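A look at the structure
What follows is each chain in one-letter form.
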Amino acid sequence: MSEMNKRNLIYFENPSMRGLYDTMEQWQHANGRRLLSISVQPDGDNYCCIALTNPTEVVITSEDGHNHANVSRFGMLAVDAQ
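Now for a look at the structure at hand. Being a predicted model, the structure only gives us computed values, none of them experimental. (Residues numbered from 1 in each chain as written. Predicted model: local features only at pLDDT ≥ 70, side-chain atom pairs only at ≥ 80, totals over all residues. Heavy atoms only, no water.)

Of note, Gly19 is situated in helix H2 (residues 17-31). Judged by its relative accessible area of 13%, Gly19 falls in the buried class. For Gly19 and Tyr47, which are 28 residues apart along the polypeptide, the C-alpha to C-alpha distance reads 9.0 Å. (Helix = DSSP H or I, 4+ residues; strand = E, 2+ residues; numbered from the N terminus. Buried < 20%, exposed > 50% of the residue type's maximum accessible area, 1.4 Å probe, protein only.)

What follows is the structure in structure tokens.
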């Protein structure tokens, strides 16, 4: 299992809700990962957030990596040659 999938708990804090949002947004852009769920609570003079990240997304490919699975807008699974 890759190191990216071993940990999915993240902690953020900031004195303002806007600052907390900006910190979380920057984290998402820097890490290329989404947050699965969050819980925001006041803690003293800060807003604190405990977040769970999505596991690393899985891409289905052929053994040589040249063909990738693709899901159509109708939910059909097909293989695309790269």
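What follows concerns the nonpolar core. Grouped together as the largest cluster of nonpolar side chains are eight residues: Ile10, Phe12, Leu20, Met24, Trp27, Leu35, Cys49 and Ala51. Where this core is concerned, the elements lending two or more residues are strand E1 (9-14), H2 and strand E3 (46-53). The biggest single contributor to this core is H2, with three residues. (Core = buried A, V, L, I, M, F, W, Y, C linked by side-chain atoms within 4.5 Å.)

Next up on the list: H2. Over its 15 residues, H2 runs 21 Å from end to end, which matches the ideal 21 Å to within 8%, given 1.5 Å per residue. Considered for burial, the residues of H2 that qualify are Gly19, Leu20, Met24 and Trp27. Burial along H2 is one-sided: seen end-on, the buried residues are contained in an arc of 135°. Seen from the buried face of H2, the exposed residues on the opposite side, beyond 90 degrees, are Arg18, Gln26 and His29. Considering only its buried residues, H2 is in contact with E1, strand E2 (35-43) and E3. (Expected span 1.5 Å × (residues − 1). Arc of directions from axis to C-beta. Contact = heavy atoms within 4.5 Å.)

Any link to function would need more than the numbers given here.
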